Amino acid sequence: MRRHQAHGLTLAQVLGIVLVLGLVAAIVVPNLLNAINRGKQKRTTGDIRTVATAVESYRIDEKTYPVFVGRVPVEMLIPLIQPTYLKAIPLVDGWGGPLLYESADGTKYVIRSLAKDGVPSGPTQGATTDFRHDIVFDTGSFVVVPEGTRG
């Protein structure tokens, strides 16, 4: 009579499978996180453009941009912008930090996201590839923008 033998994997085979899965995860996870952060950047630039369009519309009617000395959350624009120029103003960037607005004299304005790290950082103009660098829109165009995003 034949004995029925159990089929299984040896320890070496199991370790090989674990090694392959670990290598695949090491490649996939950073790319996935990068894609998620790029999506947050794109959402943030779109939201900044939306707020800027409403601010420009406000200026057409009022002959000045809303004046706030120093950086204030765009939430301060709600009484001036909503609902006449924008149904709902985006208040936070893709990472959940506040979008910021400033216009000291009403002749120009800046809308800013402090990006992933939530602190002011990065270049004062040009494209950036670092998710920690601020995204800055200054009176009609982006002056600091993620690389690959149209200004």
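The paragraphs below set out a description of the structure included in this document.

Calculation notes
- Residues numbered from 1 in each chain as written.
- Predicted model: local features only at pLDDT ≥ 70, side-chain atom pairs only at ≥ 80, totals over all residues.
- Heavy atoms only, no water.
- Helix = DSSP H or I, 4+ residues; strand = E, 2+ residues; numbered from the N terminus.
- Expected span 1.5 Å × (residues − 1).
- Buried < 20%, exposed > 50% of the residue type's maximum accessible area, 1.4 Å probe, protein only.
- Contact = heavy atoms within 4.5 Å.
- Polar contact = N/O pair within 3.5 Å; in protein donor to acceptor, adjacent residues only side chain to side chain.
- Core = buried A, V, L, I, M, F, W, Y, C linked by side-chain atoms within 4.5 Å.
- Salt bridge = Lys/Arg side-chain N within 4 Å of Asp/Glu carboxyl O.
- Pairing = 2+ DSSP bridges.
- Axes fitted to C-alpha atoms, helices over the stretch in contact; angles between N-to-C directions.

## Quick look at helix H1 (residues 11-62)
Taking 1.5 Å of rise per residue, the 52 residues of H1 would be expected to cover 76 Å, and the 75 Å separating its terminal C-alpha atoms lies within 8% of that figure. All of the buried residues in H1 are Asn 37, Gln 41, Thr 44, Thr 45, Asp 47, Ile 48, Val 51, Ala 52, Ala 54, Val 55 and Tyr 58. Along its buried surface, H1 packs onto helix H2 (78-81), strand S2 (99-103), strand S3 (110-113), strand S5 (135-138) and strand S6 (141-146). Phi for Lys 63, located one or two positions after H1, is positive at around 65°.

## Concerning the side chain of Asp 134
On the secondary structure map, Asp 134 appears in the loop between strand S4 (126-128) and S5. Only 3.2 Å separates the side chain of Asp 134 from the side chain of Arg 112, close enough to count as a polar contact. Contacts of Asp 134, omitting those with residues within four sequence positions, involve Arg 112, Ser 113, Leu 114, Ala 115, Val 119, Pro 120, Ser 121 and Val 144.

## A closer look at the nonpolar core
The biggest cluster of nonpolar side chains holds 24 residues, and the ones touching the most others in it are Val 55, Leu 77, Ile 81, Tyr 101, Tyr 109 and Ile 111. Elements supplying a minimum of two residues to this core: H1, strand S1 (68-73), S2, S5 and S6. Among the elements that line this core, the one with the most residues is H1, at six residues. Not counting residues up to four positions away in its chain, the partners in contact with Tyr 109 are Ala 52, Val 55, Glu 56, Tyr 65, Tyr 101, Glu 102, Ser 103, Phe 137, Asp 138, Thr 139 and Gly 140.

## A closer look at the pattern of salt bridges
Evaluation of the coordinates by the stated rule reveals four salt bridges. For Asp 47, the salt bridge identified is with Arg 43, shortest N-O distance 3.2 Å. Linking Asp 47 with Arg 43, this pair stays in helix H1, spanning four residues, or about one helical turn.

## Some points on the sheet that holds S2
Pairing within the open sheet is mixed, and its six strands lie in the order S1-S2-S3-S5-S6-S4. Strands at the two margins of the open sheet, each flanked by one partner only, are S1 and S4. Neighbour-to-neighbour, the strand axes of the sheet open up by a mean angle of 15°, direction not taken into account.

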